[in-house]
Amino acid sequence: MTPSAIVEFGIKKNGLTIEMGDKGRIYLAFVDCPQNGNHWLGRLQVAHINVHGIRRSPHSGRPRRSRTSHDQAPFAFELKSVPQYLIIGYILLASRRAVNPLAIDPKARAETTGAALRVRRVQAADIPQVIALDTRVTKLAKPEYWNDVYRRYGKRRLHERFFLIAQNRLDRTDSRVLGFIIGEIRAWEFGSTPCGWVFALSVEPDMRLHGIGKALLETISGEFRKAGVNKMRTMVERGAQLPLLFFRSEGLMAGPYIQLEKDLD
Amino acid sequence: MRLQISTRLAIFATLELTARENHQLSVADIGEKYGVSSHHLAKVMHIMGRAGLVRAVRGAGGGYRFAGNPRRTTLLDVVQLFEEVSSVEKDTEVADATPEGQALQAILNEIDTIARATLGSITIATMHKLLNGRGAGRWRSKPASARGRSVRRA
């Protein structure tokens, strides 16, 4: 059966929280759930969910809201202190080993997978992965450049400089860098009022079209906005159709500047 | 840059057909909105059909459906079916061989390159985002008197 919704969830030692935003049915069942230490993080792919009957469970928690099978509104419920977890018929319970290595369903819509990502500031330990990702994408290793970029954009003037990376939020032991974005707020260059410049964006080639670039761009846009600017700019090579298509699809239009250059003989 | 009437109609028809998934429209439906004859629009749709961008649906209530992928089809894909985005003259004149002619052509080539990059970077899906997204209010219909003759051809 084809899952109709993808539900991210995390089971902590003392409870289970499921949140979803799709209609469906929940069929109640007891399922042994593997548990690793204090946390078990994974993803449920839910075919049909119906919240009817939650209260029948001897381990039932307190549903915050109970909905009918035809209700399309998002809902959530919690279970407290359950040694075995109440879960659901017609689900594929995906463990870390069972799902694809990055725990992001390639069939999932880009709009939904953005929620499976964690975007945070870069740390020194991430830089080797940033270098490796950039090398895979550009076929040119530039370790000195990236270390310098980290020193300038990952450690200084953080109120106006943003070096962000995206990681898999569903598995906190997965420390892989799936993509990164770098930008800063610049003012009065070329006569421009303060605006946010994005000068680097890269996404793991195998993970493109999963909403990673979109999540990174939206996050840095939010940071720019919080810092008080309302304009974002970037520059893309004319022939680089993939990034051009991406930025265009995110609403960026041609700006008021024309880039000029000349060969220096 | 000004697009030919057929090119503009092709883009408009594509936008209409992709406004909803599996949307099916007749040339009369589209023609009515843009004030163009069904005959002219049928020619445009025929060219798009040959290119595989639209598919004719026969029978009562028939019409056309978009057969491409709106997230992959760019404005350049549509434009190139009807006109060349290039200022290079096929019949070169004597003047083109002069330094002045070559310098002028270099500038025109620059404009062409920018035009191609722009048209090639906008997908049909992105056009719908522009139409429906934030700031969509700026694309309000003008009164018929202000539209002029840009598309009308009956």
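This structure is a prediction, so every number in the text was calculated from the model and none was measured.

Cut-offs used in this document
- Residues numbered from 1 in each chain as written.
- Chains lettered and ligands numbered in written order.
- Predicted model: local features only at pLDDT ≥ 70, side-chain atom pairs only at ≥ 80, totals over all residues.
- Heavy atoms only, no water.
- Pairing = 2+ DSSP bridges.
- Helix = DSSP H or I, 4+ residues; strand = E, 2+ residues; numbered from the N terminus.
- Core = buried A, V, L, I, M, F, W, Y, C linked by side-chain atoms within 4.5 Å.
- Buried < 20%, exposed > 50% of the residue type's maximum accessible area, 1.4 Å probe, protein only.
- Contact = heavy atoms within 4.5 Å.
- pLDDT = per-residue confidence, 0-100.
- Buried area = accessible area lost by both parts, 1.4 Å probe.
- Salt bridge = Lys/Arg side-chain N within 4 Å of Asp/Glu carboxyl O.
- Nonpolar A, V, L, I, M, F, W, Y, C, P; charged D, E, K, R; others polar.
- Polar contact = N/O pair within 3.5 Å; in protein donor to acceptor, adjacent residues only side chain to side chain.
- Axes fitted to C-alpha atoms, helices over the stretch in contact; angles between N-to-C directions.

Enquirer: Please explain the sheet that holds strand 3 (residues 63-66) of chain B as it appears in this structure.
Expert: Two modes of strand pairing occur in sheets, parallel and antiparallel, and in both the strands are linked by backbone hydrogen bonds. The strand order 1-3-2 (chain B) describes an open sheet built from three strands, whose pairing is antiparallel. Either end of the sheet is taken by a strand with one partner, and the two such strands are strand 1 (24-25) and strand 2 (54-57) of chain B.

Enquirer: Looking at this structure, I do not really get the nonpolar core. What am I missing?
Expert: A general tendency of soluble globular proteins is for nonpolar side chains to be buried together. Grouped together as the largest cluster of nonpolar side chains are 31 residues, with contacts concentrated most on L17(B), L41(B), M45(B) and M48(B). Per-element accounting of this core gives the leading share, six residues, to helix 1 (residues 5-17) of chain B. The contacts of M48(B), once residues within four sequence positions are left out, are A10(B), T14(B), L53(B), V54(B), L81(B) and F82(B). Ranked by size, the runner-up nonpolar core spans 19 residues in total, among them L164(A), I181(A), F224(A) and V229(A).

Enquirer: It is not clear to me how helix 5 (residues 241-249) of chain A should be interpreted in this structure. Could you clarify?
Expert: For the α-helix, the turn length of 3.6 residues means that residues three or four positions removed from each other point alike. All of the buried residues in helix 5 of chain A are L244(A), F247(A), R248(A) and S249(A). In this structure, the buried residues of helix 5 of chain A make contact with strand 11 (195-203), helix 4 (212-226) and strand 12 (232-234) of chain A together with helix 5 (99-121) and helix 6 (124-132) of chain B. Looking one or two residues beyond helix 5 of chain A, the residue adopting positive phi is G251(A), at roughly 95°.

Enquirer: How should I be thinking about the confidence of the model for chain B in this particular structure?
Expert: Do not read the predicted coordinates in detail wherever pLDDT is low. Residue and element names in this part refer to chain B. In this model, chain B carries a mean pLDDT of 85, and residues with pLDDT of at least 70 account for 83%. Here helix 7 (residues 144-147) stands out as the element of chain B with the lowest mean pLDDT, 55, in contrast to helix 4 (residues 75-79), whose mean of 96 is the highest. Under the prediction, the complex receives an ipTM of 0.76, its pTM being 0.65.

Enquirer: Explanation requested: the environment of T118(B) in the structure shown.
Expert: All names here are of chain B. The topology assignment puts T118 in helix 5. Relative accessible area serves as the criterion here: at 34%, T118 is assigned to the partly exposed category. A C-alpha to C-alpha distance of 8.7 Å links T118 and L75, two positions 43 residues apart in sequence.

Enquirer: Before we go on, may I ask you to explain the interface of chain B and chain A in this structure?
Expert: When the parts come together, some accessible area is lost, and that loss is often what is quoted as the size of the interface. At the junction of the two partners, chain B supplies 13 residues and chain A supplies nine residues. In this assembly, chain B packs against chain A so that about 1,100 Å² is buried in total across both faces, 57% of it on carbon and sulfur atoms. Applying the counting rule to chain B against chain A returns zero salt bridges. Looking at the side of chain B that touches chain A, the elements with two or more residues in it are helix 5 and helix 6 of chain B. In terms of residues, the side of chain B that touches chain A owes the most to one element, helix 5 of chain B, which gives six residues. Residue classes in the side of chain B that touches chain A are distributed as four nonpolar, seven polar and two charged.

Enquirer: Any chance you could explain the side chain of S121(B) here in plain terms?
Expert: Tracing the chain through its elements places S121(B) in helix 5. Polar contacts involving the side chain of S121(B) include one to the main-chain carbonyl oxygen of T118(B), which spans 2.9 Å. Excluding anything up to four places from it in sequence, S121(B) contacts L244(A), L245(A) and R248(A).

Enquirer: Please explain the sheet that holds strand 12 of chain A as it appears in this structure.
Expert: Residues and elements named next belong to chain A. Sheet architecture is open: five strands sit in the order 8-9-10-11-12, paired in mixed fashion. Each edge of the open sheet is held by one strand with a lone partner, namely strand 8 (117-121) and strand 12. Strand-to-strand twist of the sheet, defined as the mean angle between neighbouring strand axes without regard to direction, takes the value 30°. With eight bridges connecting them, strand 10 (residues 179-186) and strand 11 associate as antiparallel partners. Directly across from R186, in strand 11, lies its bridge partner C195. Together, strand 8, strand 9 (161-168), strand 10, strand 11 and strand 12 form the strand contacts of helix 4, whose direction differs from that of strand 10 by roughly 25°.

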